[in-house]
Amino acid sequence: MNLNIDVTEGNGKSAMKLAGEIDAYTAPQLKEKLLPLTKIENNQVEVDLEGVHYMDSTGLGVFISALKSVNESDSKMRLINLQNRVLRLFQITGLDEIITLDTAIRGGND
Amino acid sequence: MDKFDFIEMKVPARAEYVGVVRLSLSGIANRLGFSYEAIEDLKVSVSEAITNAVEHAYHDEDDGEVTVGFGVYEDRLEVMVADHGGSFNLNKVKGGIGPYEGSESVENLREGGFGLFLIDALMDKVEINNESGVVVVMTKYLHETGVGLDDDQISTRQ
């Protein structure tokens, strides 16, 4: 019931790797680490969700905040390697239309 | 009346206990024979209901408790989540749910508005009772013969 957050930064790119669960308890920790990356001008923010095996609307809320923030700083954000069940939440809510999702390796651990 | 087993848990209304209830729920749903996908739907729905109760308690600066009841039937699982804090504005909650529509601007997107919408989308039946605190009663059938996807609705009793 924890979330591990690893961040690698450099050359106009920030890569975040997540592993664990995103819920009401861990979402504030994610927000605290992710939002500063989205405020950097002209940054490419990439969030790897391959290790996330549970997420609910608290996670969707963090990514909506992050999207608003990258739009203000002329930066870009994309989410990669979503597990099928995490991807499904973006699809049910219609958020897959506005958040860039790269699902090429989705469901890798299913 | 159907025979059923009833399991009740009381947890402090704090975010760190949402995962604890989720683990118990997994065990109960697994015991009933729910599919892997259905258990994932249940985990999200029940977590959303508890998160709402926890946030509500937090805003009232109230160290309250959340009561979760599991009604284990032969053909379905009923989960009740009760927040015994003061009542909240149900119309406001109901008005704030729904999927993202292409016409909305990103700036106006609500960051916390998807919880009840997801419960409605992932469960077969949802009832909200606002008489004393807020009680959300969610039902998922073991085999999806109970309620069709298009028949989903949120009913409320005030």
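Residues numbered from 1 in each chain as written. Chains lettered and ligands numbered in written order. Predicted model: local features only at pLDDT ≥ 70, side-chain atom pairs only at ≥ 80, totals over all residues. Heavy atoms only, no water.

A. Representation of the overall build of chain B in the model. When helices and strands are counted, chain B shows four helices and six strands. Put simply, chain B runs from its N terminus to its C terminus through helices and strands in the order β-α-α-β-β-α-α-β-β-β. Taking all 158 residues of chain B together, the buried fraction comes to 50%. Contacts in chain B between residues at least 24 apart in sequence constitute 65% of all its contacts with a sequence separation of at least 6. Summed over its atoms, the accessible surface of chain B is roughly 8,200 Å², and 46% of this surface lies on carbon and sulfur atoms. (Helix = DSSP H or I, 4+ residues; strand = E, 2+ residues; numbered from the N terminus. Buried < 20%, exposed > 50% of the residue type's maximum accessible area, 1.4 Å probe, protein only. Contact = heavy atoms within 4.5 Å. Areas by Shrake-Rupley, 256 points an atom, 1.4 Å probe, with all protein chains shown as cover.)

B. Fine view of unusual backbone geometry. Residue and element names in this part refer to chain A. The phi torsion at Asn42 lies on the positive side, around 50°, for a residue other than glycine. Looking at the element boundaries, Asn42 is found in the loop between helix H1 (27–38) and strand E3 (44–55). The phi angle at Asn81 is positive, at roughly 60°, despite the residue not being glycine. Since its relative accessible area comes to 10%, Asn81 is described here as buried.

C. Just the packing of H1(A) against helix H2 (residues 57–72) of chain A, in detail. Residues and elements named next belong to chain A. Axis separation between H1 and H2 bottoms out at 9 Å; the angle between their running directions is 15°. Classified by the interaxial angle, the pair formed by H1 and H2 is roughly parallel. By crossing handedness, the relation of H1 to H2 is classed as right-handed. Contacts from Ala27, Leu30, Lys31, Leu34, Leu35 and Thr38 of H1 reach H2 at Thr58, Val62, Phe63, Ser65, Ala66, Ser69 and Val70. For the contact of H1 with H2, the residue count by class is eight nonpolar, four polar and one charged. (Axes fitted to C-alpha atoms, helices over the stretch in contact; angles between N-to-C directions. Parallel < 35°, antiparallel > 145°, perpendicular 65-115°, else oblique. Left-handed = near helix turned anticlockwise from the far one by under 90°. Nonpolar A, V, L, I, M, F, W, Y, C, P; charged D, E, K, R; others polar.)

D. Quick peek at a nonpolar patch on the surface. Taken together, A:Met1, B:Val20 and B:Leu23 make up a surface patch of nonpolar side chains, about 260 Å² in accessible area. Structurally, the position occupied by B:Leu23 is in helix H1 (residues 18–32). Residue classification places B:Leu23 among the exposed residues on the basis of a relative accessible area of 55%. (Patch = residues over 30% accessible without salt bridge, like charges linked within 9 Å, V, L, I, M, F, W, Y side chains within 5 Å. Salt bridge = Lys/Arg side-chain N within 4 Å of Asp/Glu carboxyl O.)

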